[in-house]
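As a plain string of letters, each chain reads:
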Amino acid sequence: MAVRPGLLFLRLGASIALLLALSALVPSSDAYDPLDPGGNITIKWDVMQWNPDGYTAVVSLYNYQQYRHIQPPGWKLSWVWQKKEIIWKMFGGQTTEQGDCSKFKVDIPHCCKRNPEVVDLLPGAPYSTQFANCCKGGVLNSWAQDSANAVASFQVVVGQAGTSNKTVKVPSSFTLRAPGPGYTCGPAKVVSPTKFISPDGRRSTQAHATWNVTCTYSQFVARRSPTCCVSLSSFYNDTIVNCPTCSCGCQNNNSKPGSCVEGNSPYLASVVNGESTSSLAPDLVECTSHMCPIRVHWHVKVNYKDYWRVKITVTNFNYRMNYSQWNLVAQHPNFDNLTTIFSFNYKPLSPYGTINDTAMMWGIKYYNDMLVTAGPDGNVQSELLFRKEPGAFTFQRGWAFPRRVYFNGDNCVMPPPDAYPWLPNASPRLSASLTLTLITVGTAMALLLVHA
């Protein structure tokens, strides 16, 4: 049977619309972050000296991400040599494997692998093995939080390599793990040689050659499921809006035992004890409806004449993870009028130039900069005092709640806007209940009048 052209066009349009709608539901692996559009980790490879059979280079990692850091057990950097290069010596770092160096009889290289993997040295490493910006166990702080510790460096002496800019080969296939997946590195690019200024500022020297590699982060590549969620509440509504159900996964102890544990379980201590509290340890979270390791709660606490106050609580539901140097990013239009913040450090990010609607918060050193594992002490709290902006401030339509929340650089799952706590006189649910009550009362009065 022939199909009319108009009907065929409608079916085709409906199919395209359905495909577009389904594609919108698939998480994007794009590494672009709207709150940190220029964020990346740049690897700089500076050739400092030519040797008889190769060169000496300084390799540096610069974390230009505003709020995403690398926590223990730290970064791992690997690449692939283009020739038959070896590493004679290293300072400030070491390879995880030496490889097959059996053909060398006298001087044994540090590493003979074609694809070496390098890690940072631990704090307290012997002074003879150290190098500038090394020995932090691979920890790399974010640029906004602590730019002085957002750089790591090591020195490598390369043999069986080119001895000039014409014969040297740029390594390829750079891979950065921090400590797991998430970063994608582009190819090494030849750039202008790095210049170094003497301490007195009167002389500059430069590297013989410099190569740059840019690595960008994708939350989808790092983990298929989110790692945090947001719950909401307010003084003007008794409703507590919990994290959406299954925000980070669903309870599955029947088919996958051990995916979560009840907080009051008598077996909790035996399950948790002995496990690592680093980011490589498998998550063991408390059994909740959202199943997230981290929950951020935003509570609209008090309304004053010219100010209003918010309380933020970050709770750790992960029994196997301490979050050191944690940070929180929130987006709200009233951050431009933030007057006081308690118990947290604060820095405006302003990703859109002059618009100050994004705040970065983190713990105070030696006080609450460590978010410990799930339990009575597994939370940090702060209160924020905002000045009301005439013409913009309102409690209606969920305006008092954040637009976005990030924890340690990962975007947290927000409740749907129609679930936000409403003002009593603006809530459609309350209005419906009031209407039903009035109808019931009216019916009862009519029946009384009829039987009077």
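One can find the structure itself at the top, above this paragraph.
Given the structure is predicted, the values throughout are model-derived calculations rather than measurements. (Residues numbered from 1 in each chain as written. Predicted model: local features only at pLDDT ≥ 70, side-chain atom pairs only at ≥ 80, totals over all residues. Heavy atoms only, no water.)

Glancing now at the pairing of strand E1 (residues 41-51). Among the 11 residues in E1, 8 count as buried, and that is most of the element. Bridge count between E1 and strand E13 (residues 209-217): 7 bridges; the pairing is antiparallel. Among the inter-strand pairings, Trp-45 is bridged to a residue of E13, identified as Trp-211. Across 10 bridges, the pairing between E1 and strand E2 (residues 54-63) is antiparallel. Among the inter-strand pairings, Asp-46 is bridged to a residue of E2, identified as Val-58. (Buried < 20%, exposed > 50% of the residue type's maximum accessible area, 1.4 Å probe, protein only. Helix = DSSP H or I, 4+ residues; strand = E, 2+ residues; numbered from the N terminus. Pairing = 2+ DSSP bridges.)

The omega angle of the peptide bond from Pro-72 to Pro-73 is 5 degrees, so this bond is cis rather than trans. Here the amide bond leading from Ala-178 into Pro-179 is cis, since omega sits at -10 degrees, within 30 degrees of zero. If you trace the backbone, Pro-179 turns up in the loop between strand E8 (172-177) and strand E9 (183-185). In this model, Ser-173 sits at a positive phi of 55 degrees, which is unusual for a non-glycine residue.

What follows deals with the environment of Leu-385. Counting through the fold element by element, Leu-385 comes out in strand E26 (residues 379-387). Judged by relative accessible area, which is 15%, Leu-385 ranks as buried. Dropping the residues within four chain positions of it, Leu-385 is found in contact with Tyr-304, Tyr-307, Trp-308, Arg-309, Asn-337, Leu-338, Thr-339 and Thr-340. (Contact = heavy atoms within 4.5 Å.)

A few words now on the sheet that holds strand E18 (residues 294-303). Taken together, 6 strands build an open sheet; the order of strands is E15-E14-E18-E19-E26-E22 and the sheet is mixed. The open sheet has two edge strands with one neighbour each: strand E15 (237-241) and strand E22 (338-341). Across the sheet, the mean angle from the axis of one strand to that of its neighbour is 20 degrees, orientation sign disregarded. In this structure, strand E19 (residues 307-316) lies alongside E26, joined through 9 bridges in antiparallel fashion. Paired with Val-314 across the two strands is Val-380, which belongs to E26. (Axes fitted to C-alpha atoms, helices over the stretch in contact; angles between N-to-C directions.)

The next thing to look at is the state of the cysteines. Tallied over the entire structure, the rule returns 8 disulfides. The disulfide partner of Cys-228 is Cys-412, and the S-S distance across this bridge is 2.0 Å. Residues Cys-228 and Cys-412 share a disulfide whose torsion about the S-S bond is about -100 degrees; that sign makes it left-handed. Note that Cys-228 is positioned in strand E14 (residues 228-234) and Cys-412 in the loop between strand E28 (410-411) and helix H5 (428-451), a separation of 184 residues in sequence. The class of Cys-228 is buried, set by a relative accessible area of 0%. Sulfur-sulfur distance for the disulfide between Cys-229 and Cys-243 comes to 2.1 Å. Given an S-S torsion of about 80 degrees, the disulfide between Cys-229 and Cys-243 has right-handed geometry. (Disulfide = S-S within 2.5 Å.)

On to the pattern of salt bridges, then. Scanning the entire structure with this criterion turns up 4 salt bridges. Put simply, Asp-33 and Arg-68 hold a salt bridge, and the shortest N to O gap is 3.6 Å. Here the residue Asp-33 occupies a position in the loop between helix H1 (5-25) and E1, and Arg-68 occupies one in the loop between E2 and strand E3 (76-80), the gap between them amounting to 35 residues. Taken individually, Asp-33 and Arg-68 each receive the classification buried, so the pair is uniform in this respect. Across the pair Glu-97 and Lys-113 runs a salt bridge whose closest N-O atoms are separated by 4.0 Å. Taken together, the positions of Glu-97 in the loop between strand E5 (93-95) and strand E6 (117-120) and Lys-113 in the loop between E5 and E6 put the pair 16 residues apart, joining distant regions of the chain. One network of salt bridges, in which partners are shared, links Lys-301, Arg-309 and Glu-383. (Salt bridge = Lys/Arg side-chain N within 4 Å of Asp/Glu carboxyl O.)

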